[in-house]
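Overview (structure and organization)
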Amino acid sequence: MAPVTRGFGGRQHAQQPELPPGQYLVEDFPVLSAGPTPHVPPDRWELTVTSETGEQLRWDWDAFHALPQEDVVVDLHCVTRWSKLGTSWRGVSLDTLLADVETSADHVVAHSYGGYTTNMPLDELLHHKAWVAHTYDDEPLSPEHGGPARLLVPHLYLWKSAKWLTGLTLTPVDEPGFWETAGYHNEGDPWREQRYWGD
Amino acid sequence: MTDHEPTHLTDADEAAVDDAYVDGNALAGDLLEIFAMDMTTAVGTCGGCGRTAVLAAARVYRRAPGVVLRCAGCSHVLGRIVRAPDRVVVDLAGLRSISARLPD
Ligand SMILES: [Zn+2]
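For clarity, every value in this text was computed on a predicted model and none was experimentally measured. Think of each chain on its own: its residues are numbered from 1, step by step along the sequence as written. As they are written, the chains are lettered A onward and the ligands numbered 1 onward, keeping that order. This being a predicted model, a pLDDT of at least 70 is required before a residue's local features are given, and a value of 80 or more before pairs of side-chain atoms are given or counted; all residues contribute to the totals for chains, interfaces and linings. Neither water nor hydrogens contribute to the side-chain values; these are computed over all heavy atoms in the structure.

The subject of this paragraph is the overall build of chain A. Only DSSP runs of H or I reaching four residues or more are called helices, and only runs of E reaching two or more are called strands; each is numbered from the N terminus. Looking only at helices and strands, one finds 2 helices and 11 strands in chain A. Over its C-alpha atoms, taken along the principal directions, chain A stretches across nearly 65 × 40 × 30 Å. Exposure is judged per residue with a 1.4 Å probe applied to protein chains only, and the accessible area is read against the type maximum: over 50% gives exposed, under 20% gives buried, and values in between give partly exposed. Counting all 199 residues of chain A, 51% fall into the buried class. Whether two residues are in contact is decided by their heavy atoms, any of which lying within 4.5 Å being enough. Within chain A, counting contacts between residues at least 6 apart in sequence, those at least 24 apart form 64% of the total. Each accessible area value is a Shrake-Rupley result obtained with a 1.4 Å probe; residue values ignore everything except the protein chains displayed when judging cover. As presented, chain A carries roughly 9600 Å² of accessible surface, and 53% of it is formed by carbon and sulfur atoms. A residue counts as positive if it is Lys or Arg and as negative if it is Asp or Glu; His and the chain ends are not included. Charge coordinates come from a single atom per side chain, which is NZ of Lys, CZ of Arg, CG of Asp or CD of Glu. Charge separation in chain A, taken as the distance between the mean sites of 13 positive and 29 negative side-chain charges, equals 9 Å.

In structure tokens, the structure reads:
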């Protein structure tokens, strides 16, 4: 019996122009983690934004939910080569969170419960390109996927979308984070395939 | 002793002698010996809590973009290994020291 094939077999990737180079499509949602999964109860969760002068904005769970909420559907691209298309999230835009922050800093470090960090230029978080998400597929974001709330920066590789987010620090000088100091690319643009140092 | 070794030391020369290094090529033999050993039986000291244990007793997280080694006592990151197509990056900055037994 002839095997059932989808399309042209080996040409599948070439037929998916929505995928960045070197990525393959998944239907499930793989869980990657560099350490134990923090379980932070929402009533003890907080998010801070700290400017380079030390000035700090702070939201608890209720205050965070009182901010304008946005629903977004985005594609995810993990540096381990899987991509997941059309994922649905609800959260707060970084444009909203950073609206009242006075800063001349050009860089941001995201800090997570558990100690994870990742860095990016401030500009990558603005202009409706990034959110702090608390709901995935109409359900509260599970701890495995970064709940209570995670950063969502879908136009960069997924390691930049820090799970278990608790702080954003604005810095005048770029400060490479957990993976960026250990061999991964400082910028991490999947469309330019910036996976590793030197890419 | 080389021809360049000063024969009479002034105070200024003494500082130069204290800084008498050789270049890193001299490490080739030491590093080859160390990195050819099975390091899982080496004893590491955690830079976070000071716990001392064989590396085999540490916790390894590999469902991640790289391999992460954590202290079983305090979860401090002891090391990270990232494998790119053309290189491997090893960071053991979280270990205060590693003690490996030499073969008999
Ligand atoms: Zn420890």
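This part takes up the pattern of salt bridges. Residues and elements named next belong to chain A. One side-chain nitrogen of Lys or Arg within 4 Å of one carboxyl oxygen of Asp or Glu is enough to make a salt bridge. In the structure shown here, the tally under the stated rule is 7 salt bridges over all chains. The salt bridge partner of E180 is K160, with a shortest N-O separation of 2.8 Å. Of this pair, E180 sits in the segment after β11 (165–171) while K160 is found in the loop between β10 (150–152) and β11, placing the two residues 20 residues apart along the sequence. Taken individually, E180 and K160 each receive the classification buried, so the pair is uniform in this respect. One salt-bridge network, held together by shared partners, links R81, E193 and R195.

Contacts between the two partners involve 18 residues from chain A and, on the opposite side, 17 residues from chain B. For the pairing of chain A and chain B, the buried interface totals around 1500 Å² over both sides, and the portion due to carbon and sulfur atoms is 63%. Taken together, the connections running from chain A to chain B amount to 0 salt bridges. Within 3.5 Å is the distance limit for a polar contact, defined as a pair of N or O atoms, with the added protein rule that one can donate a hydrogen and the other accept it, and that residues adjacent in sequence qualify only through two side-chain atoms. Linking chain A with chain B are 7 residue pairs in polar contact (both at pLDDT 80 or more). Note on residue classes: Ala, Val, Leu, Ile, Met, Phe, Trp, Tyr, Cys and Pro are nonpolar, Asp, Glu, Lys and Arg are charged, and everything else, Gly too, is polar. Split into classes, the residues belonging to the side of chain A that touches chain B amount to 11 nonpolar, 7 polar and no charged. Joining two parts hides part of their accessible area as seen by a 1.4 Å probe, and the buried area is that hidden amount summed over both.

Residue and element names in this part refer to chain B. Only nitrogen, oxygen and sulfur atoms within 2.8 Å of the metal, or 3.2 Å for Na, K and Ca, are treated as donors, and water is left out, so sites may look incomplete. Each protein donor to the zinc ion is listed here as C46 (SG), C49 (SG), C71 (SG) and C74 (SG); together their distances run 2.3 to 2.4 Å. Around the zinc ion sit 4 donor atoms, and with donor-metal-donor angles ranging over 103 to 114° the site reads as tetrahedral. In primary sequence terms, the donor set of the zinc ion follows C-x2-C-x21-C-x2-C. Here C71 falls in the buried class, since its relative accessible area comes to 3%. Metal sites are grouped by the angles between bound donors: all angles between 85 and 135 degrees with four donors is tetrahedral, opposite donors over 155 degrees apart with the others between 65 and 115 is square planar for four donors and octahedral for six, and any other pattern is irregular.

Attention now goes to the side chain of B:R70. By secondary structure assignment, the location of B:R70 is in strand β4 (residues 67–70). Nearest to the buried, unbridged B:R70 among oppositely charged side chains is B:D91, at 12 Å. A distance of 2.9 Å separates a polar side-chain atom of B:R70 from the backbone oxygen of A:A34. Other than its neighbours up to four places away in sequence, B:R70 contacts A:A34, A:G35, A:P36, A:G114, B:A58, B:R59, B:Y61, B:S75, B:H76, B:V77 and B:L78.

Right, let's talk about unusual backbone geometry for a bit. All names here are of chain A. G147 connects to P148 through a cis peptide bond whose omega is 10°. Even without being a glycine, W164 presents a positive backbone phi close to 55°. Secondary-structure assignment places W164 in the loop between β10 and β11. With relative accessibility at 8%, the residue W164 sits in the buried group. A positive phi angle, close to 50°, is found at E193, a residue other than glycine.

All right, on to the environment of A:E193 then. Residues and elements named next belong to chain A. Considering the arrangement of structural elements, one finds E193 in the segment after β11. For the pair E193 and V79, spaced 114 residues apart in the sequence, the C-alpha separation amounts to 8.7 Å. Each residue touching E193, except ones within four places of it in the same chain, is listed here: P21, G22, R81, Y157 and D199.

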